[in-house]
Structures are given as structure tokens and as C-alpha cells.
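So you can see what is in the structure, the chains are spelled out below.
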Amino acid sequence: PQALRSQPNRCQCTFRSSDLTMAVSVVLGVLATGAVGGRVTIAPTDPDLQYIGRIADAADGSKMFDMPGCEIRATMSLPQESHVQVTMSQRHLPPPANPVGNSKNSGFEQNFFVVWVDGVRQGLGGHNATFWTDKSQGDDVPLMFNVTTDGAPIPAGAHTIRILKATEADWNGGDPIPNYVTFHGISVVTDTAVALSAADITVAPPPLPTRKIEFLGDSITAGFCNECESVVADADREAYGATWDFQIGELLGAQVHTAAWSGLGMVHNCCGGNTTMPSIFSRALATVNTDNTWNWSSWVPDALVVNLGTNDGGSAVDPKAHYVETYIDLVMNASANYGPQLEVFLACGPMSETYCAPVQDVLSNVTAKGVKAHFLDQRGFLNGTFGKACCGHPSIEVDTAMAENGAAFIKSALGW
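Bear in mind the structure is a predicted one, so any value in this text is a computation, not a measurement. (Residues numbered from 1 in each chain as written. Predicted model: local features only at pLDDT ≥ 70, side-chain atom pairs only at ≥ 80, totals over all residues. Heavy atoms only, no water.)

(A) Seen up close, the overall build of the protein chain. Helix and strand counts for the protein chain come out as 8 helices and 20 strands. Relative to its full complement of 416 residues, the protein chain shows a buried share of 57%. Taking the intrachain contacts of the protein chain between residues at least 6 apart in sequence as the baseline, contacts between residues at least 24 apart amount to 77%. Just so you have it, the protein chain exposes about 15,900 Å², and 52% of that area is on carbon and sulfur atoms. (Helix = DSSP H or I, 4+ residues; strand = E, 2+ residues; numbered from the N terminus. Buried < 20%, exposed > 50% of the residue type's maximum accessible area, 1.4 Å probe, protein only. Contact = heavy atoms within 4.5 Å. Areas by Shrake-Rupley, 256 points an atom, 1.4 Å probe, with all protein chains shown as cover.)

(B) Layout of the packing of helix H6 (residues 323-338) against helix H7 (residues 356-368). Their axes nearest at 9 Å, the elements H6 and H7 cross at an angle of 45 degrees. Viewed along their axes, H6 and H7 adopt a mutual orientation that is oblique. Of the two elements, H6 crosses H7, and the hand of that crossing is right-handed. Contacts from Tyr323, Val324, Tyr327, Ile328, Val331 and Met332 in H6 reach Pro358, Val359, Asp361, Val362, Asn365 and Val366 in H7. Across the contact of H6 with H7, the residue classes tally to 10 nonpolar, 1 polar and 1 charged. (Axes fitted to C-alpha atoms, helices over the stretch in contact; angles between N-to-C directions. Parallel < 35°, antiparallel > 145°, perpendicular 65-115°, else oblique. Left-handed = near helix turned anticlockwise from the far one by under 90°. Nonpolar A, V, L, I, M, F, W, Y, C, P; charged D, E, K, R; others polar.)

(C) Layout of empty space enclosed by the protein. Under the defined criterion, the tally for this structure stands at 1 cavity of 30 Å³ or more. Considering only enclosed or pocket space, the largest cavity measures out at about 40 Å³ in volume. If you trace the largest cavity, you find it lined by Asp66, Met67, Pro68, Glu168, Ala169, Ala260, Trp261, Ile280, Ala286 and Thr287. Its residues assigned to classes, the lining of the largest cavity shows 7 nonpolar, 1 polar and 2 charged. (1 Å grid on protein atoms, 1.4 Å probe; cavity = no way out; pocket = protein on both sides within 12 Å on 5 of 7 lines; lining within 4 Å. Points joined across faces, edges and corners; volume = space filled by probe spheres on them.)

(D) How the structure looks around H7. Between its first and last C-alpha atoms H7 spans 19 Å; for 13 residues at 1.5 Å apiece the expected length is 18 Å, and the two agree. Taken together, the buried residues of H7 touch H6, strand S17 (343-348) and strand S18 (372-377). A positive phi of about 100 degrees marks glycine 370, the residue just after H7. (Expected span 1.5 Å × (residues − 1).)

(E) Molecular detail of the layout of surface pockets. Here the largest pocket is characterised by a volume of approximately 220 Å³. Lining the largest pocket are 14 residues, with Arg73, Thr160, Ile161, Arg162 and Pro206 sitting closest to its centre. Mapped onto the lining of the largest pocket, the elements with two or more residues apiece are strand S6 (71-78) and strand S12 (157-165). Considered class by class, the residues forming the lining of the largest pocket number 7 nonpolar, 4 polar and 3 charged.

(F) Layout of the pattern of salt bridges. Taken as a whole and judged by the stated rule, the model has 9 salt bridges. Note that arginine 73 and glutamate 71 form a salt bridge whose closest N and O atoms lie 2.9 Å from each other. A residue is classified by how much of its surface remains accessible, and glutamate 71, at 4% relative accessible area, is buried. The structure contains a network of salt bridges with shared partners spanning Glu71, Arg73, Arg162 and Glu250. (Salt bridge = Lys/Arg side-chain N within 4 Å of Asp/Glu carboxyl O.)

(G) Looking closely at the side chain of threonine 258. Assignment of secondary structure puts threonine 258 in strand S15 (residues 254-260). With relative accessibility at 6%, the residue threonine 258 sits in the buried group. Looking at threonine 258, its side chain comes within polar contact range of the side chain of tyrosine 240, at 2.6 Å. Side-chain polar atoms of threonine 258 contact the side chain of aspartate 245, separated by 3.2 Å. Not counting residues within four places of it along the chain, the set of residues in contact with threonine 258 comprises Met67, Pro68, Phe215, Thr221, Tyr240 and Asp245. (Polar contact = N/O pair within 3.5 Å; in protein donor to acceptor, adjacent residues only side chain to side chain.)

Don't take any of this as a statement about function, it's just geometry.
Here it is in C-alpha cells:
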């Protein structure tokens, strides 16, 4: 599946600023009453909804996330032709006045989503997204978005819906600023009133894949600029649903969790800030500056794939920066949290090879400590024979080549 951009697919609902909150509360009020005027709302806590990725629970049961690749999956039986909408809000606190140093932030980042209905990607074709949040949406203001192309109705019967976050959070030049999305529920809208509850709509879903792979990386893993050309102003030409890591999950039939953020490194970021990827790896929400909020036991992968070092630059080979020691600690912590059965793949390339020798040092050290570790060679994929580079990063064509190579290597190592 490819996950890029399209024209906005927002529900054509007009609210005055004074009655937006009331309108949303009416929609959410359906959670208790079942159906009002042909609308049934499925709560985020519905037991038949499935989630993939690092998801944090809000006090009211809504789901918060900011990592690329987070997914919501629903299986439902529609009593009649219906319009299906998802309600999302976004959090984005402004940077401080006169930002300098570690408080510098690049500005607002919209959140793009791709939807598949019964396996068919929704949007205007090509590599376009289905819907995205808007700069005018306001902080923590829920809005409804259509999950189908141009809000087309979905026929009566059984259907599967897959919603994927296709972009990362704000690029940060300093300390992260909260920039997460909150999922408030799915609404099913019919032409006539239906005396149904959410339990009558949702269906027990097929089980999620048992294979699980986690990825930790930077812009290469997040998919920065892999579209090459942006069709939406202020977009980062980024399509997580076409990245090498996401494609590996699809090729191997595995659930994928990705913790990736452009510009960040193992011990040194490309462009400032003291928050590095080891801290992000410990968080449920990357953009909320509180470490150790992720529940490691909630999702245990078979494999962990790490590609970090491009942004570290010379720090990767400077003993004073402690790149190797920090990397070893990260791998050993992952092994302790996930268990000795974890297979770890340490990657290098394709944008830089400076950190390849240090990665080999990490590999030797963690292997000696009993970790099942492998070197994933991603060098050479930007030599022009696999596709063009975009902003110096892998294009979708290069991502695909990296995915095919990586999937074959991981499959062989894990005996899949």
C-alpha cells in the first residue's frame, strides 16, 4: 500500500465556532444512547476496534498517538448504505516567544492519514492520502473526516476499515513540543434512523498478525521526502505507508511499530536539541517530554531493527560522544524489556557509511552478551541503480528495494 496525499477529505459539516463544541458533544453523546437521527458512534474503547503502534490512553478512553504508522482497524456490518466518518483532534502547543537553542521549533505540522476500505486505498489515486488535519482546526478541537474518497457511501454488509497515520510529528530543532492526534471514535451515518447500538455495527475482527517487528530510526525510517514532490503546501513530501520499514511488515505479514523522527540521532541530532532517540524509544508519545511512559510488556516484538547514526555524523566515531556505549545500552535495555528471544538487526546506510564500523562494534559487544544480533547492510541503495534520491533521502522506489532486501534477510534470520 502506498500512503501519500490527496485533496482534503473532510466531512462537509459546517459549524459556527460557538456551536462546534455542542455539535461534537451531540455526536459523542451517541456513545450512551446508541442511535440518534441515523448516526451511530463507535467509541475508541469498543472491544472490536484494533490498534497498532504506540498508543496512549486518555482519561476519557480516547486514543492519543504521534508516531508514524499508528493504525486503527475496524470490522463492521452495516445495516444499510452508510457514510463512515472518523473524529480526530490534534494537539499542538505553540513554541515559546523568541525561540532559541533547544526551544526552537519548526512550526505546525499537519497529520496525514491513509484509509483502506476492504483493502482498497481511498483517495484521489496515485500516492495520495485520504484525509488530513488542518491548521485551522484549532488545538484539541475534534472534527469529523470521511474515510472514503469524496465521502462516498459504503454499501450495506460486512466491511473492514484500516486507518494509517502516514506522517511523523513536527520536525523539531530543539525540545519537542506536544504534537499528537487524538482519536475520538467512528461514526456510521445512515439516510434513515436506525435503532442500533455500536455493538450491532462492530464485528469481532480477524486476529492481527502474530509476527511483530519494531523499527527505531530517523528520517530514513520515517519516510521524509520519499514522495520527492509535494502536492500539498507545507507537507514534508513524506509517505510512511511507502517506507522500507512499513513495506517489510507488509511483505512478511507482520505487525509493525515504528519510532522514527527526522533529524534525531543516537547521541547527537543533526540540527540541535538534547532529546535523542533513546529517550523517544522509551515514550508512548514522542512529543511529550516525559521518558519511560511506554509499557514494554504491552507489545513484545520478535525483532527490533535499528538504523541510527546518519544524524550523529562525526559523533558516531568520536569516543568522547559515547555513541557505541549508548547504542549498546539501548540494545541491552530492549533485550531486557522484550526478553532473550528478541532478534536485533543493526542497520547502516544508505545516506551515510560513517557509522558502519561503530555499528559493527556494537554488534560484537551485544552478541558477546548473549543478544541475537545481525548486521543489516543498507549501503549502496542510493547509488542510482535502485531509483532516484529525493532531498538526499530514499525515494519510494529506493524504499521498495530496501524493503525487498531487508524482508528477505529478516525472513531468513528468523526462519519465517
